[in-house]
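Summary of the model geometry
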Amino acid sequence: SLRWHAERECARAGLALEFDGGLGEFKAEERCAIVCFRLLQEALTNVVRHAGAKRVRIALSAADGRVDLEIADDGRGFDLARARRRMLEGASVGLLGMEERAALIGGEVRIDAAPGAGTRIRVSLPCTAHAAAA
């Protein structure tokens, strides 16, 4: 579902997409899968609305009871410190919402951004494989 959503959103926005989803047969437990999908959804929405990007790279992997998701774009980037101040003032909640959503299940979101240098969002969530029904 992550690949499907990313392909659909990038095609709609005219963005080139590179998707590296090396999970094999791993099927994440529901709470992890939902959080992962919502974080990707928010990140792509931000890329489309604000980044002015031409390319997006998404990498997804699982190891040691965690799922890692990275979304990177070649857009205009932004001043992360300024965005955090605006967040604390209540002017913008997107980044804060992403961080809080991940934290609710014991995960974390790291954001690397600078004006003119694109944006990279790295997500790490505790996640076990979903047991198959017998």
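Small disclaimer: the values here were computed from a predicted structure and weren't measured.

**As for the overall build of the protein**
From N to C terminus, the protein includes 4 helices and 5 strands. For the protein, the residues scored as buried account for 37% of the 134 residues in total. Contacts in the protein between residues far apart in sequence, at least 24 positions, make up 65% of those at least 6 positions apart. Surface exposure of the protein reaches about 7,800 Å², of which carbon and sulfur atoms provide 50%.

**Section: the sheet that holds strand S2 (residues 55-63)**
Taken in spatial order, the 5 strands of this open sheet run S1-S2-S3-S5-S4, and their pairing is mixed. At either end of the open sheet lies a strand with only one pairing partner, and these are strand S1 (16-21) and strand S4 (108-113). Taking the axes of each pair of neighbouring strands and ignoring which way they run, one obtains an average angle of 10 degrees across the sheet. Sheet strands touched by helix H4 (residues 94-103): S4 and strand S5 (119-126). Its angle to S4, the strand with the most contacts, is close to 150 degrees.

**Comments concerning the nonpolar core**
Residues Leu39, Val56, Ile58, Leu69 and Leu125 are the most contacted members of the largest nonpolar core, which totals 35 residues. Listing elements by their share of this core, those giving two or more residues are helix H1 (2-13), helix H2 (30-51), S2, strand S3 (66-73), helix H3 (80-88), H4, S4 and S5. No other element matches H2, which puts 10 residues into this core. Residues within four places of isoleucine 58 in sequence aside, it is in contact with Ala6, Leu17, Glu18, Phe19, Asp20, Leu40, Leu44, Leu69, Glu70 and Ile71.

How each quantity is defined
Residues numbered from 1 in each chain as written. Predicted model: local features only at pLDDT ≥ 70, side-chain atom pairs only at ≥ 80, totals over all residues. Heavy atoms only, no water. Helix = DSSP H or I, 4+ residues; strand = E, 2+ residues; numbered from the N terminus. Buried < 20%, exposed > 50% of the residue type's maximum accessible area, 1.4 Å probe, protein only. Contact = heavy atoms within 4.5 Å. Areas by Shrake-Rupley, 256 points an atom, 1.4 Å probe, with all protein chains shown as cover. Pairing = 2+ DSSP bridges. Axes fitted to C-alpha atoms, helices over the stretch in contact; angles between N-to-C directions. Core = buried A, V, L, I, M, F, W, Y, C linked by side-chain atoms within 4.5 Å.

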